[in-house]
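Structure at a glance
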Amino acid sequence: MRKCFLFLVVSTLLAPFGGQNEDQESFGIDVSHHNGKINWEQVPEVDFVYIKATEGATYVDPMYQQNINGARARKFRVGAYHYFRTTSSVQKQFENYKKHVMKSDIDLIPMVDVEECKKWSATQFQDSLMRFIQLVKSHYGKAPMIYSVNTFYNKYCAPRFNNYHLIIGRYGNEKPFIKGKGTYTIWQKSAQG
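Residues numbered from 1 in each chain as written. Predicted model: local features only at pLDDT ≥ 70, side-chain atom pairs only at ≥ 80, totals over all residues. Heavy atoms only, no water.

With that settled, consider the packing of helix H3 (residues 122-140) against helix H4 (residues 150-157). Where H3 meets H4, the closest approach of the two axes is 9 Å, and the angle between their N-to-C directions is 100°. The orientation of H3 relative to H4 falls into the category roughly perpendicular. Facing Ala122, Phe125, Gln126 and Leu129 of H3, the residues of H4 in contact are Phe152, Tyr156 and Cys157. Of the residues in the contact of H3 with H4, the class split is six nonpolar, one polar and no charged. (Axes fitted to C-alpha atoms, helices over the stretch in contact; angles between N-to-C directions. Helix = DSSP H or I, 4+ residues; strand = E, 2+ residues; numbered from the N terminus. Parallel < 35°, antiparallel > 145°, perpendicular 65-115°, else oblique. Contact = heavy atoms within 4.5 Å. Nonpolar A, V, L, I, M, F, W, Y, C, P; charged D, E, K, R; others polar.)

On to the state of the cysteines. Under the counting rule described, the total for this entry stands at zero disulfides. Summary of cysteine pairing: Cys117 is not part of a disulfide, and the nearest cysteine sulfur, belonging to Cys157, is at 8.9 Å. (Disulfide = S-S within 2.5 Å.)

This part covers the packing of aromatic side chains. For the structure on display, the rule yields 10 aromatic pairs. With 6.2 Å between their ring centres and 75° between their planes, Phe48 and Tyr50 make a pair best called edge-to-face. In this structure Phe48 comes out as buried when scored by relative accessible area, which is 0%. Ring geometry for Phe161 versus Tyr164: centroids 6.0 Å apart, planes at 40°, classification tilted. What makes Tyr164 partly exposed here is its relative accessible area of 23%. Within the aromatic cluster, the residues linked to one another by ring pairs are Phe84, Trp120, Phe125, Phe132, Phe152 and Tyr156. Taking NZ or CZ as reference, Lys189 lies 4.6 Å from the ring centre of Trp187, over its face. (Phe/Tyr/Trp six-rings, centres within 6.5 Å; stacked < 30°, edge-to-face > 60°. Buried < 20%, exposed > 50% of the residue type's maximum accessible area, 1.4 Å probe, protein only. Lys NZ or Arg CZ within 6 Å of the ring centre and 35° of its normal.)

This paragraph deals with the side chain of Glu55. Residue placement: Glu55 occurs in strand S3 (residues 48-55). Residue classification places Glu55 among the buried residues on the basis of a relative accessible area of 15%. Within the local environment of Glu55, its side chain forms a polar contact with the side chain of Arg85, the two groups lying 2.4 Å apart. Once you skip the residues sitting within four places of it in the chain, Glu55 turns out to touch His82, Tyr83, Arg85 and Asn96. (Polar contact = N/O pair within 3.5 Å; in protein donor to acceptor, adjacent residues only side chain to side chain.)

Attention now goes to the pairing of strand S5 (residues 77-83). Among the seven residues of S5, six are classified as buried, and the element is accordingly described as predominantly covered. Relative to S5, S3 runs parallel, the two being bridged by seven bridges. Residue pairing across strands places Ile51 opposite Ala80, the latter belonging to S5. The pairing of S5 with strand S6 (residues 111-113) spans three bridges and is classified as parallel. (Pairing = 2+ DSSP bridges.)

Right, let's talk about unusual backbone geometry for a bit. For residues that are not glycine, phi is negative in most cases, and the peptide bond is trans in most cases. For the bond from Ala158 to Pro159, the omega torsion is -5°, close enough to zero to count as cis. Inspection of the secondary structure assignment puts Pro159 in the loop between H4 and strand S8 (166-169). Of note in this structure, Lys119 is not a glycine but carries a positive phi near 75°. Considering the arrangement of structural elements, one finds Lys119 in the loop between S6 and H3. A relative accessible area of 73% places Lys119 in the exposed class.

As a further point, take the nonpolar core. Counting 45 residues, the largest nonpolar core has Val49, Val114, Phe125 and Leu129 as the members making the most contacts within it. For this core, the secondary structure elements donating two or more residues are strand S2 (26-31), S3, helix H1 (64-73), S5, helix H2 (90-100), H3, H4 and S8. Counting residues per element, this core draws most heavily on H3, which supplies eight residues. With near-sequence residues (within four places) excluded, Phe125 lies in contact with Phe84, Thr86, Val114, Glu116, Cys117, Trp120, Phe152, Tyr156 and Cys157. Phe48, Ile109, Met145 and Tyr147 belong to the second largest nonpolar core, which has 10 residues in total. (Core = buried A, V, L, I, M, F, W, Y, C linked by side-chain atoms within 4.5 Å.)

See below:
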């Protein structure tokens, strides 16, 4: 297996139909086509896997279904994420995600990956992200977790989204810092699995 992300859960990891004990440490990874073909039998025991499903209005990760099947065969809890683009309409991005991520595919709440802000002001970005979150919540029954790297999150999302579950990428030993009141649910500590 090539590069993947190591997560450390420091709070509750919520699932659509249940949760996990408060303050239980869990470890998970995220995978996409960037990892190539994964030999799931060689993946160490993890508590969960987030799998890239879609990006923008039309892109579907070509390894999504294969990764879902591989993670499921290992009995890992799985979630699916959408890479949010500021070059596509929010409605079309949601429709892309909904078309490819069936509720029965995932054990974990959906996730939206936010790492870019092109063409939109910070206000337009926040309003559009909020609309995407509302659409996901309406369809899947839970608001998605938001993934971002620490600096991007604080610049474009905080403090408006601080009440959502957050996966914050900050490599190394220094914990993420969230601007305003709020904290992260998952700390992405490494780019290596």
